[in-house]
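Residue strings, one per chain:
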Amino acid sequence: MSDTSVDRGPLVVASNRGPVTFELGADSSLSWSRGSGGLVTALTGALEDTHGEWVAATMSEGDVEAERRAGNRPIDLGPDGLDLRMRFLEVPPEIYDGYYNGIANGVLWFAFHYLWDTVRSPTFVEETFDAWDDYVRVNQMFADALAEDTTEDTTYLIQDYHLALVPRMLREHRPDALIAHFSHTPFAGASYIRILPNRIRDELLHGMLGADVLGFQGHDWAENFLNAARLLPSARVDLTRSRIRVEGREVLVRAHPVSVDAAALRQTAGTPEIRQRRAELAGWRGDAKLLLRVDRLELSKNIPRGFIAFERMLEREPSWRGRVKFLAMLSPSRQELPEYRTYGDECREEAERINRKYATKTWTPIEVRIREDYEGALAAYAEYDALLVNPVFDGMNLVAMEGPLLNRRHGVLALSRNAGAFHRLGRYAVPLNPFDIEETAAAIHEALTMPEHERARRARGLSRLVLANPPHRWVSDQLADLERVRRRRVARAAAV
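Residues numbered from 1 in each chain as written. Predicted model: local features only at pLDDT ≥ 70, side-chain atom pairs only at ≥ 80, totals over all residues. Heavy atoms only, no water.

Trainee: Tell me about the packing of aromatic side chains, and name the residues and values.
Mentor: Tallied over the entire structure, the rule returns 20 aromatic pairs. Here the aromatic rings of tryptophan 132 and tyrosine 135 are separated by 4.9 Å at their centres, their planes lie at 20 degrees, and the arrangement is stacked. With tryptophan 132 and tyrosine 135 both in helix α4 (residues 126-147), this residue pair falls three residues apart, about one helical turn. One exposure class covers both tryptophan 132 and tyrosine 135, and it is buried. Geometrically, the ring pair formed by phenylalanine 307 and phenylalanine 326 is edge-to-face, given 5.5 Å between the ring centres and 75 degrees between the ring planes. Here phenylalanine 307 is found in helix α11 (residues 303-316), whereas its partner phenylalanine 326 is found in strand β14 (residues 324-331), with 19 residues between them in sequence. The residues phenylalanine 307 and phenylalanine 326 share a single accessibility class, namely buried. Members of the aromatic cluster, connected to one another through ring pairs, are Phe110, Tyr114, Trp116, Phe124, Tyr192, Trp221, Phe393 and Phe435. Its guanidinium or amino end placed over the ring of tryptophan 284, lysine 325 lies 4.6 Å from that ring's centre, counting from NZ or CZ. It is arginine 334 that lies over the ring of tryptophan 109; its NZ or CZ is 4.0 Å from the centre. (Phe/Tyr/Trp six-rings, centres within 6.5 Å; stacked < 30°, edge-to-face > 60°. Helix = DSSP H or I, 4+ residues; strand = E, 2+ residues; numbered from the N terminus. Buried < 20%, exposed > 50% of the residue type's maximum accessible area, 1.4 Å probe, protein only. Lys NZ or Arg CZ within 6 Å of the ring centre and 35° of its normal.)

Spelled out as structure tokens, the structure:
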């Protein structure tokens, strides 16, 4: 890593899911595969600089076996190409379910993305608080594990809403440690956070405030946290400097936008397999324009409204009938939650309804493909004429970056103003209000009809902005903030 290393102690990362997954062979042998994506690359790179450690929960039978064989000691991955150590936590399934499905995804995800239909939900009952107890237990397990075999000069990077309580718990073990917590999701405003029960809300905010640096994907989410922290009588919030004084400490609240690993993405997209998929997609499209969306089948992605906006465009601009195809590539998500199963059905039904209304013998307006198909998504990125990214709220949205990097047709990005990526990319995108069907329909039409010179200008601008913010910068900026905290501590101690 170019600029992440300063004179500091060991670096430790903690997340619910780790950067590697172990597989148990039929002969009881263990092998592991590395996760993809810019964040894994950036974080593992920073850990390799310091010979650091990554702590995560077990996700597979192989993870469990690897952890058991290690005897609760870190697993050294160095000989196989990663100069870091991996430690797994085996959480009992019944506790993990409450922590992960009950609270992390069943409550916090909904709260941070403004997903509740407040007329009907949420309803907090005894089972909610039982699940919260599980969430607390798992966060305590992580905090205890992070404190083991580490020292006062260890730097900790805690990841996401799954581990929001860890900073405070860890500080009880390591009062002088440097701790950062990063939220990969949005953070809702104070009035929405008040929906949470007082106990959960206060413990959540206090837990995060155990960190020295709190990072968010965008300034809006950082500002929302600052305002939410004002709900705590003990917190003194400085909105101008984005700082919070609490329990005699100062917490920096910062926006550090995540990006994608452009070099790795382009290398993968250039393989013969992806080129073949591109050819197949071009044959399927024919002479029609291609409107694309690539999303997890996730409530926050606003998929049905995207379909309805496309329908509205076909109503207002009938000349597009037969001349544009809408390809929705959706990967299954959180099917263990009933809300997500229902949502998947709603997405399919909406597309089928529109197809029944407009399809002809030679043209089907919307094609929905629901499956894990990373290679297909990379191929589709190269071929779209317009890319629709219309989440109700998103922490960042990497599709809005991946698409423009790989596109070869000067494709236009139609982007929700509520996506974290909008703050950076919005000037080169066609903006839209994700709740406004008319504006979304108009954005799709504008994206498809934009003159070639303007399409090219915007495409160049999007690529330039993405390339200017490589993943390692996301890590180095957080470490730089922590270094500022360390220097202030040293200066204060010297002044005493």
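Trainee: So, the layout of surface pockets: which residues are in play, and what are the values?
Mentor: For the second largest pocket, the calculated volume is near 590 Å³. Around the second largest pocket sit 26 residues that line it, and Phe110, Leu115, Trp116, Asp117 and Leu299 are the ones nearest its centre. At the level of elements, α3 (93-112), α11 and α12 (338-358) are the ones that each hand at least two residues to the lining of the second largest pocket. The element best represented in the lining of the second largest pocket is α3, accounting for five residues. (1 Å grid on protein atoms, 1.4 Å probe; cavity = no way out; pocket = protein on both sides within 12 Å on 5 of 7 lines; lining within 4 Å. Points joined across faces, edges and corners; volume = space filled by probe spheres on them.)

Trainee: Could you give me a rundown of the sheet that holds strand β17 (residues 412-416), with the residues and numbers involved?
Mentor: Sheet architecture is open: six strands sit in the order β15-β14-β13-β16-β17-β18, paired in parallel fashion. Strands with a single pairing partner mark the edges of an open sheet, and in this sheet they are β15 (366-370) and β18 (430-432). Averaged over all pairs of adjacent strands, the angle between their axes in this sheet comes to 20 degrees, without regard to strand direction. (Pairing = 2+ DSSP bridges. Axes fitted to C-alpha atoms, helices over the stretch in contact; angles between N-to-C directions.)

Trainee: Could you give an account of helix α14 (residues 399-406), with specific residues and numbers?
Mentor: The buried fraction of α14 amounts to eight of the eight residues, a majority that puts the element mostly inside the structure. Along α14, the residues that are buried comprise Val399, Ala400, Met401, Glu402, Gly403, Pro404, Leu405 and Leu406.

Trainee: I'd like a rundown of empty space enclosed by the protein, residues and numbers included.
Mentor: Tallied over the full model, the rule gives one cavity of 30 Å³ or more. Lining the largest cavity are Arg17, Gly18, Val20, Thr21, Ala57, Met59, Asp63 and Phe88. Among the residues forming the lining of the largest cavity, the class breakdown is four nonpolar, two polar and two charged. (Nonpolar A, V, L, I, M, F, W, Y, C, P; charged D, E, K, R; others polar.)

Trainee: Can you lay out the packing of α4 against helix α5 (residues 166-173) for me, pointing to particular residues and giving the numbers?
Mentor: The geometry of α4 relative to α5 is characterised by a closest axis approach of 9 Å and an angle of 40 degrees between their N-to-C directions. Considering the angle they form, α4 stands oblique to α5. For the crossing formed where α4 meets α5, the hand is right-handed. Contacts between α4 and α5 pair Val136, Asn139, Gln140, Phe142, Ala143, Asp144, Leu146 and Ala147 from the former with Val166, Met169, Leu170 and His173 from the latter. (Parallel < 35°, antiparallel > 145°, perpendicular 65-115°, else oblique. Left-handed = near helix turned anticlockwise from the far one by under 90°. Contact = heavy atoms within 4.5 Å.)

Trainee: Any details on the side chain of arginine 87? Residues and values, ideally.
Mentor: Topologically, arginine 87 is positioned in strand β6 (residues 85-89). What makes arginine 87 buried here is its relative accessible area of 2%.

Trainee: With reference to specific residues and values, describe unusual backbone geometry.
Mentor: Cis rather than trans, the peptide bond between serine 121 and proline 122 has omega equal to 10 degrees. By the secondary structure assignment, proline 122 is in the loop between α3 and α4. Here serine 28, not a glycine, exhibits a phi torsion of approximately 70 degrees, which is positive. Secondary-structure assignment places serine 28 in the loop between β2 (20-24) and β3 (30-34). Phi angles above zero are rare outside glycine, and tyrosine 114 is one such case at about 55 degrees. Positionally, tyrosine 114 belongs in the loop between α3 and α4.

Trainee: Break down helix α9 (residues 262-269) for me, with residues and values.
Mentor: When we look at burial in α9, the residues that qualify are Ala262, Leu265 and Ala269. Burial along α9 is one-sided: seen end-on, the buried residues are contained in an arc of 65 degrees. Across from the buried face of α9, at angles greater than 90 degrees, the exposed residues are Ala263 and Gln267. Those residues of α9 that are buried are in contact with α10 (272-285), α13 (374-383), α14 and α17 (452-467). (Arc of directions from axis to C-beta.)

Trainee: Account for the nonpolar core, with residues named and values stated.
Mentor: In a soluble, globular protein the nonpolar side chains are often hidden away together inside. The biggest cluster of nonpolar side chains holds 102 residues, and the ones touching the most others in it are Phe187 and Phe225. With twelve residues, α3 is the largest single contributor of residues to this core. For phenylalanine 225, the residues in contact, after removing those within four places along its chain, are Phe187, Leu205, Met208, Leu209, Leu214, Phe216, Ile244 and Val253. Listed in part, the 35 residues of the second largest apolar core include Leu265, Leu281, Ala377 and Leu406. (Core = buried A, V, L, I, M, F, W, Y, C linked by side-chain atoms within 4.5 Å.)

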